[in-house]
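# Structural features, examined
Spelled out from the first residue to the last, the chains are:
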Amino acid sequence: MLPSSDIESFRGALASAKSIVILAGAGLSAASGIPTYRDADGLWRTNSIEEVASIEGFKNNPSRVWQFYHQRRELCLGSQPNPAHQALASLADPSVLSRIAPSLKDTSLPPLLITQNIDDLSRRALDILPASAKKAAEERFLEMHGSLFVTRCTSCQHSQRTYTSPLCTALGNSEERDIPVDQLPRCGGETWAGSNRYGRCGGLLRPAVIWFGEVPDHMGEIARVLNWCDLLLVVGTSSRVYPAAGFASSVKMHGGKVAVFNLERSNGDDDADFLFLGPCVETLPHVLGL
Ligand SMILES: [Zn+2]
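Residues numbered from 1 in each chain as written. Predicted model: local features only at pLDDT ≥ 70, side-chain atom pairs only at ≥ 80, totals over all residues. Heavy atoms only, no water.

### Topic: the packing of helix α9 (residues 219–228) against helix α10 (residues 244–253)
- Packing of α9 against α10 brings their axes to within 9 Å, and their N-to-C directions diverge by 30 degrees. In terms of axis orientation, α9 runs roughly parallel to α10. In this structure, α9 uses Met-219, Ile-222 and Leu-226 to contact α10, whose residues at the interface are Phe-247, Ser-250 and Val-251.
- Of the residues contributing to the contact of α9 with α10, the split by class is 5 nonpolar, 1 polar and no charged. (Axes fitted to C-alpha atoms, helices over the stretch in contact; angles between N-to-C directions. Helix = DSSP H or I, 4+ residues; strand = E, 2+ residues; numbered from the N terminus. Parallel < 35°, antiparallel > 145°, perpendicular 65-115°, else oblique. Contact = heavy atoms within 4.5 Å. Nonpolar A, V, L, I, M, F, W, Y, C, P; charged D, E, K, R; others polar.)

Next comes the structure, spelled out in structure tokens:
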């Protein structure tokens, strides 16, 4: 059976859902001007994306990798959450939630929002919420591929969220060049003075993003929540590629429904219950009735 694009029946599914999970992908941030890795590749003089998105690439040339991520941090800091990010954020507002999804087990508990994006825009969109709702929403927000704004020490593993840019003086120079390792972001900062304490050990920092060959974050928690989920919204990514395909089949196996919001149709979306084609900035707020 072909997926339905009937807004009223989707709203009916939303109204009767007891547990909702949202999985967001690159399409969510497209309208904010965030290019995907593949697109960014074209903007960056590199032979392959693996050079900047693998631990081997980082070991071979940490200077190049850090310059790549510095550029992306700058790009994201200069971009704004769009109406699709805001639509998802507003689902964490108890007054909105109790209106459009009154059957939820607990309307003070926002739907779990899982993003594959590392751009921080879904987190920044939570700023539209009242303080208490924002706090609850942050606890229900998982960045499964990490974040451009979190660093992790390659020695002591200390991780930290920071919006300071550039992260160190050498990265402030926009020319692509070879930066010596001791001038790249390091644990304890540029004023590090020989301590070996946790979080100040002087080790080389890396971006806390998931690279090729690394296991995504929060998979255990996600699997647990999917067991109870009866409505999965797949936003800005095909429901047929990893990880959405796995999430969708897990939800379907337990009798739940899957709704896809994506720019274009992809092979196999036929398995979804609902399909809304078009830019998420238009479809999401409209279909959710916000
Ligand atoms: Zn360290």
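### Some words on the sheet that holds strand β8 (residues 257–262)
- An order of β3-β2-β1-β7-β8-β9 is seen for the 6 strands of this open sheet, with the pairing classed as parallel. Lying at the two open borders of the sheet, with one neighbouring strand each, are β3 (141–143) and β9 (274–277). For this sheet, the mean angle separating the axes of adjacent strands, direction not counted, is 15 degrees.
- Both β8 and β9 contribute to a ladder of 4 bridges, which runs parallel. Pairing of Ala-259 across the sheet is with Phe-274, part of β9. (Pairing = 2+ DSSP bridges.)

### A word on the coordination of the zinc ion
- Around the zinc ion, the protein contributes the donor atoms Cys-153 (SG), Cys-156 (SG), Cys-187 (SG) and Cys-201 (SG), at 2.3 Å from the metal centre.
- Look at where the donors of the zinc ion fall in the sequence and you get C-x2-C-x30-C-x13-C. Placement of the pair is Cys-187 in the loop between β5 (159–161) and β6 (205–209) and Cys-201 in the loop between β5 and β6, with a sequence separation of 14 residues.
- With a relative accessible area of 16%, Cys-201 lands in the buried category. (Donors = N, O, S within 2.8 Å, 3.2 Å for Na, K, Ca; no water. Buried < 20%, exposed > 50% of the residue type's maximum accessible area, 1.4 Å probe, protein only.)

### Observations concerning the packing of aromatic side chains
- Taken as a whole, this structure holds 8 aromatic pairs when the rule is applied.
- Arranged with centres 6.1 Å apart and planes meeting at 40 degrees, the rings of Tyr-69 and Trp-211 form a pair that is tilted. Taken together, the positions of Tyr-69 in helix α4 (residues 62–77) and Trp-211 in the loop between β6 and α9 put the pair 142 residues apart, joining distant regions of the chain. For the pair formed by Tyr-69 and Trp-211, the shared burial category is buried.
- In textbook terms, an aromatic cluster arises when at least three aromatic residues are bridged by ring pairs, as seen for Phe-10, Phe-261, Phe-274 and Phe-276.
- Positioned above the aromatic ring of Trp-211 is the side chain of Arg-206, whose terminal nitrogen or guanidinium carbon lies 4.0 Å from the ring centre. (Phe/Tyr/Trp six-rings, centres within 6.5 Å; stacked < 30°, edge-to-face > 60°. Lys NZ or Arg CZ within 6 Å of the ring centre and 35° of its normal.)

### Brief notes about the side chain of Thr-283
- Considering the arrangement of structural elements, one finds Thr-283 in helix α11 (residues 280–288).
- Taking the relative accessible area as the measure of exposure, Thr-283 reaches 10% and is therefore buried.

### A few points about the UniProt feature "binding site: Zn(2+)" (unreviewed entry) in the chain
- Annotation from UniProt places "binding site: Zn(2+)" (unreviewed entry) at Cys-153, Cys-156, Cys-187 and Cys-201. Considering the C-alpha atoms alone, the annotated residues occupy 49 residues of sequence yet fold into one spot, their largest mutual distance being 8.5 Å. Considering only the annotated residues already named, the ones lining the second largest pocket are Cys-187.
- Mapped onto the secondary structure, Cys-156 falls in the loop between β4 (146–153) and β5.
- Apart from the residues lying within four places of it in its own chain, the contact partners of Cys-156 are Cys-187, Tyr-198, Gly-199 and Cys-201.
- Residue Cys-187 is classed as buried on the basis of its relative accessible area of 2%.
- Discounting chain neighbours no more than four positions away, the residues touching Cys-187 are Cys-153, Cys-156, Trp-192, Gly-199, Arg-200, Cys-201, Gly-202, Gly-203 and Leu-205. (UniProt positions renumbered as here; feature names shortened; annotations may be inferred. 1 Å grid on protein atoms, 1.4 Å probe; cavity = no way out; pocket = protein on both sides within 12 Å on 5 of 7 lines; lining within 4 Å.)

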